[in-house]
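Residues per chain are reported as follows:
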Amino acid sequence: MFNSFLWKLLFWSIIFLFLLKGVDLIYFTFPDEARNAFASYYMLYKNSFYNWVVPYYNGDIRYDKPALLYYLANFSFLLFNKLGFSVEFCYRLVSVLSMFFSSIVVFKFSEIVFKDSYYRYFAVVVFVAFISIFIESKAFVPEPLFTFFILASFYSFYRFYQENNYFYLNLFLVFLGLANFTKGIVCYIVVLIPILLFLFYKNMDLKKIFGIFLNRKVIVGWVLHLIFGYLWFVLVYLFTNGEFIKNFLFLHNVGRFTGTSKMHLNPFYFYFIVILINILPIWELFSLILANISKIKLKDYFK
């Protein structure tokens with residue numbers, strides 16, 4: 001049953017509609033959605049090369065995030081607004097599609113891990129059932145897009161590791177560049193540290209690791225990585241005389257990590273509460289997993 005075309009079509013249609021449900025139920029929320037929407041629409045409104053490069057909010061340069069989210073949102077707006085869809089629908093559709101494609105990557109990872117197709121689909125259900133996933137799929141913020149590029153980066157790299165096919169390593173570099181274009185250099189911390197730890201666990205030394213990434217077979221990947229990941233940063237640096245990079249890098253990246261920017265400060269237990277709230281609504285699903293843990297057959301995916 002799980003391998004039939006009709007089952008796959010039905011399952012993925014339900015997942016997409018579940019993520020899409022209520023996408024334009026409310027207006028843009030303050031502060032992040034409203035600011036992102038203003039910055040996106042202002043690009044269309046001014047429609048000059050300068051304004052397509054440098055994002056603005058309320059008359060000031062918006063230093064918070066790179067511009068990929070704004071570009072995709074405006075593409076969606078130009079495509080669907082003429083069909084009568086609201087601006088909330090058009091802009092938030094980027095997040096819906098990001099989480100939908102993320103769920104597909106979760107499924108592809110599950111194919112590596114689980115022998116039984118049932119648990120592959122079950123993993124997707126658990127993923128989209130998290131409150132944070134459901135809510136952020138309907139929020140015009142960069143996190144859903146960033147989540148997709150991070151998951152796609154991990155999956156591409158693991159496929160390369162499994163098959164030694166450099167197509168996947170080139171793809172990994174492209175997705176990593178797009179992740180950088182979405183939220184900045186934090187993507188290297190999120191992606192490269194786990195990958196390096198994994199490779200060290202597999203008894204690879206630094207020389208061999210550098211040999212993998214500095215290989216002529218990934219020249220195309222590196223070129224695309226630099227184009228997607230850094231071309232916009234170069235342009236915005238030139239247009240703002242370096243002010244954008246200075247504010248974005250030190251205030252919105254280093255400052256948030258060190259706490260000096262006084263942004264998103266929460267006590268250490270805040271994140272445990274968030275995890276608990278996410279798990280509670282789907283505790284029955286986890287209970288089902290725990291009750292059948294001995295029946296779940298895993299593949300030996302570390303070979």
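Residues numbered from 1 in each chain as written. Predicted model: local features only at pLDDT ≥ 70, side-chain atom pairs only at ≥ 80, totals over all residues. Heavy atoms only, no water.

## A word on the side chain of K138
Move 1: Mapping K138 onto the fold places it in the loop between α7 (131-136) and α8 (143-163).
Move 2: Buried and unpaired, K138 has D24 as its nearest opposite-charge partner, separated by 10 Å.
Move 3: Within polar-contact distance, the side chain of K138 engages the backbone oxygen of F134 at 3.1 Å.
Move 4: At 2.9 Å, the side chain of K138 and the side chain of S137 are in polar contact. (Helix = DSSP H or I, 4+ residues; strand = E, 2+ residues; numbered from the N terminus. Buried < 20%, exposed > 50% of the residue type's maximum accessible area, 1.4 Å probe, protein only. Lys, Arg positive; Asp, Glu negative; His and termini not counted. Salt bridge = Lys/Arg side-chain N within 4 Å of Asp/Glu carboxyl O. Polar contact = N/O pair within 3.5 Å; in protein donor to acceptor, adjacent residues only side chain to side chain.)

## A few points about the environment of K65
Move 1: Following the sequence through the fold, K65 ends up in the loop between β2 (60-61) and α4 (68-80).
Move 2: Residues K65 and N36 lie 29 residues apart in sequence; the distance between their C-alpha atoms is 9.1 Å.

## A look at unusual backbone geometry
Move 1: That bond from F30 to P31 is cis: its omega, 10°, falls within 30 degrees of zero.
Move 2: Relative to the helices and strands, P31 is located in the loop between α1 (5-20) and α2 (32-46).
Move 3: Its identity is not glycine, yet N47 carries a phi of approximately 50°, on the positive side.
Move 4: Inspection of the secondary structure assignment puts N47 in the loop between α2 and α3 (49-53).
Move 5: Residue classification places N47 among the exposed residues on the basis of a relative accessible area of 55%.

## Section: the nonpolar core
Where a protein is soluble and globular, its nonpolar side chains tend to be buried together.
Move 1: Formed by 51 residues in total, the largest nonpolar core has its most connected members in F149, F157, L169, F172, L199 and W232.
Move 2: Not counting residues within four places of it along the chain, the set of residues in contact with F149 comprises L68, F175, L178, A179 and T182.
Move 3: If you look at the next biggest cluster of nonpolar residues, it comprises 19 residues, including L19, V23, Y121 and I133. (Core = buried A, V, L, I, M, F, W, Y, C linked by side-chain atoms within 4.5 Å. Contact = heavy atoms within 4.5 Å.)

## As for the side chain of S98
Move 1: Secondary-structure assignment places S98 in helix α5 (residues 87-113).
Move 2: On the accessibility criterion, S98 (4% relative accessible area) is buried.
Move 3: At 2.7 Å, the side chain of S98 forms a polar contact with the backbone oxygen of V94.

## Details of the packing of α8 against helix α9 (residues 166-183)
Move 1: Where α8 meets α9, the closest approach of the two axes is 8 Å, and the angle between their N-to-C directions is 160°. For the element pair α8 / α9, the angle class is roughly antiparallel. Crossing of α8 against α9: the hand is left-handed.
Move 2: A per-class count over the contact of α8 with α9 returns 17 nonpolar, three polar and four charged. (Axes fitted to C-alpha atoms, helices over the stretch in contact; angles between N-to-C directions. Parallel < 35°, antiparallel > 145°, perpendicular 65-115°, else oblique. Left-handed = near helix turned anticlockwise from the far one by under 90°. Nonpolar A, V, L, I, M, F, W, Y, C, P; charged D, E, K, R; others polar.)

## Some details on the packing of aromatic side chains
Move 1: Tallied over the entire structure, the rule returns 51 aromatic pairs.
Move 2: Relative to Y119, the ring of Y118 lies with its centre 5.0 Å away and its plane at 80°, an arrangement referred to as edge-to-face.
Move 3: A residue is classified by how much of its surface remains accessible, and Y119, at 13% relative accessible area, is buried.
Move 4: Judged by centre distance (5.4 Å) and plane angle (45°), the rings of F148 and F149 are tilted.
Move 5: In this structure F149 comes out as buried when scored by relative accessible area, which is 6%.
Move 6: Aromatic ring contacts, followed pair by pair, group W7, F11, W12, F16, F100, F101, F107, Y121, F148, F149 and F175 into a single cluster.
Move 7: Between K138 and the ring centre of F134, over which it is positioned, the NZ or CZ distance is 3.8 Å.
Move 8: One Lys or Arg, K183, reaches over the ring of F146 and ends 5.8 Å from the middle of that ring. (Phe/Tyr/Trp six-rings, centres within 6.5 Å; stacked < 30°, edge-to-face > 60°. Lys NZ or Arg CZ within 6 Å of the ring centre and 35° of its normal.)

## Re α9
Move 1: For α9, spanning 18 residues, the distance from its first C-alpha to its last is 26 Å, which sits close to the expected 26 Å at 1.5 Å a residue.
Move 2: Within α9, 16 of the 18 residues are buried, leaving the element largely enclosed by the surrounding structure.
Move 3: Trailing α9 by a residue or two, G184 shows a phi angle of about 95°, which is positive. (Expected span 1.5 Å × (residues − 1).)

## A look at a nonpolar patch on the surface
Move 1: A grouping of I189, V190, I193, L196, L197, F200, L206, F210, L214 and W222 is seen on the molecular surface, where their side chains present a nonpolar patch of about 930 Å² in accessible area.
Move 2: For the nonpolar patch, the secondary-structure elements that each account for two or more residues are α10 (186-201) and α11 (206-213).
Move 3: If you tally residues by element for the nonpolar patch, the top one is α10, at six residues.
Move 4: Along the chain, the position of F210 falls in helix α11. (Patch = residues over 30% accessible without salt bridge, like charges linked within 9 Å, V, L, I, M, F, W, Y side chains within 5 Å. Areas by Shrake-Rupley, 256 points an atom, 1.4 Å probe, with all protein chains shown as cover.)

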